[in-house]
Amino acid sequence: MSKSPKPPKTADGRMSLGDHLRELRNRLVKAVLAVVVCTIAAAFFKDRLLHFLMNPLPACLPNGQPKPGMKHCAQVAVIGVTQPFNLTLKVCLLAGLVAAVPIWLYQVWAFVAPGLHKHEKRYSLTFLGLGTPLFLGGVTCAYLLMPTTLEVLGSFTPIGAQQIMPVENYLNIATRMLLVFGLAFEFPLMLVMLNLAGVLSGKRMLGWWRGMVMAITVFAAVATPSADPVSMLALASPIWVLYFVAVGFSLLNDRRRRRNNPDADLSDEEASHVDLSVAAVAGAEAVGASTAELASSAPLASAAPARPAESWGHVDDDVT
């Protein structure tokens, strides 16, 4: 497949709106193709992936009793003729989305990178090197919290009732938790990217810290399906820490920009500072006449002799 040409730029490096939209389309197509290829590759390991995702399920033993260390259990069931195929497709698609993290993260960065300076584009590898572990860290955190979440949800089962858990409902909860936790861990990295692009300053992010802590807490409470504070704090606490790390990095980056350019923090409508102070002027320096100037003025001096000093102020007697 031939490489698509880069969008044309004007003399000052800008791109038109149509070029931006075409660039966004190309990046989305590449990201989707990467997810599709990884999904097809994951289909060869569908049995292992299904077992891995269903391992946190509180399934009952053959005698109907819960597993050791668990208070509640559920009868896992597959309802419907087409459900096995749908489950396999969902699991493979989730695995493909997770496996293609470096590729679609790079496409996001490549769409923003043309707006950066040349010395700021070197952060591309850093962005990819941090973005992939952060997403996988969020997915791992969600997977480890899955048994606790299911245990809390199962505790609301009425006494004497047997809980029957369709696998489709469980996979919907698991998929939401894995993707939400993974994307939530990317949020501080997005703030750093906006700071590198000059869209958001570290001082402004620091001024938002109270609202951001509250917003992250509310988001964690809504994103986690269980009502227990353990799952909520497990999602909110790492994002709090990562947010303040992003603020600290942005403040250091803004200080570096101000050191190189004092007007870096000014908006397009804000005038830069003008120094109107008056500086002292040094004394005048005497400059001697050159030889050429003395030579050119010598004939004029000889052609027009000076009048005697005593004749100044007197009127010539011949003038009436």
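Caption draft 1: Highlighting the nonpolar core. Judged by nonpolar contacts, the single largest core of 54 residues is most densely connected at W104, Y170 and L235. If one sorts the elements of this core by residue count, helix 5 (residues 124–154) sits on top with 11 residues.

Caption draft 2: Inspection of the environment of G248 at higher detail. Tracing the backbone shows G248 in helix 10 (residues 229–260). Spatially, the C-alpha atom of G248 lies 9.7 Å from that of V192, the residues being 56 residues apart in sequence.

Caption draft 3: Quick look at the pattern of salt bridges. What the rule picks out here adds up to three salt bridges. Note that D47 and K46 form a salt bridge whose closest N and O atoms lie 3.3 Å from each other. Exposure remark for D47: the relative accessible area of 56% places this residue in the exposed category. Residue K46 is classed as partly exposed on the basis of its relative accessible area, which comes to 34%. We note a salt bridge from E168 to K90, for which the minimum N-O separation is 3.7 Å. Taken together, the positions of E168 in helix 6 (residues 167–184) and K90 in helix 3 (residues 83–99) put the pair 78 residues apart, joining distant regions of the chain. Under the relative-accessibility criterion, E168 is labelled partly exposed at 27%.

Caption draft 4: Quick look at the side chain of E186. Mapped onto the elements, E186 comes out in the loop between helix 6 and helix 7 (187–196). Although buried, E186 forms no salt bridge, and the nearest oppositely charged side chain, R27, lies 17 Å from it. In terms of polar contacts, E186 uses its side chain to reach the backbone amide nitrogen of F135, at 3.1 Å. In this structure E186 touches L105, G131, T132, L134 and F135, once residues within four positions along its chain are discounted.

Caption draft 5: How the structure looks around the packing of helix 1 (residues 17–42) against helix 4 (residues 101–112). Two numbers describe how helix 1 lies on helix 4: the axes approach to 9 Å, and their chain directions differ by 170°. Viewed along their axes, helix 1 and helix 4 adopt a mutual orientation that is roughly antiparallel. Every residue of helix 4 that contacts helix 1 at H20, E23, L24, R27, K30, A31, A34 and V35 is listed here: I103, W104, Q107, A110 and F111. Split by residue class, the contact of helix 1 with helix 4 holds eight nonpolar, two polar and three charged.

Conventions and cut-offs
- Residues numbered from 1 in each chain as written.
- Predicted model: local features only at pLDDT ≥ 70, side-chain atom pairs only at ≥ 80, totals over all residues.
- Heavy atoms only, no water.
- Core = buried A, V, L, I, M, F, W, Y, C linked by side-chain atoms within 4.5 Å.
- Buried < 20%, exposed > 50% of the residue type's maximum accessible area, 1.4 Å probe, protein only.
- Helix = DSSP H or I, 4+ residues; strand = E, 2+ residues; numbered from the N terminus.
- Salt bridge = Lys/Arg side-chain N within 4 Å of Asp/Glu carboxyl O.
- Lys, Arg positive; Asp, Glu negative; His and termini not counted.
- Polar contact = N/O pair within 3.5 Å; in protein donor to acceptor, adjacent residues only side chain to side chain.
- Contact = heavy atoms within 4.5 Å.
- Axes fitted to C-alpha atoms, helices over the stretch in contact; angles between N-to-C directions.
- Parallel < 35°, antiparallel > 145°, perpendicular 65-115°, else oblique.
- Nonpolar A, V, L, I, M, F, W, Y, C, P; charged D, E, K, R; others polar.

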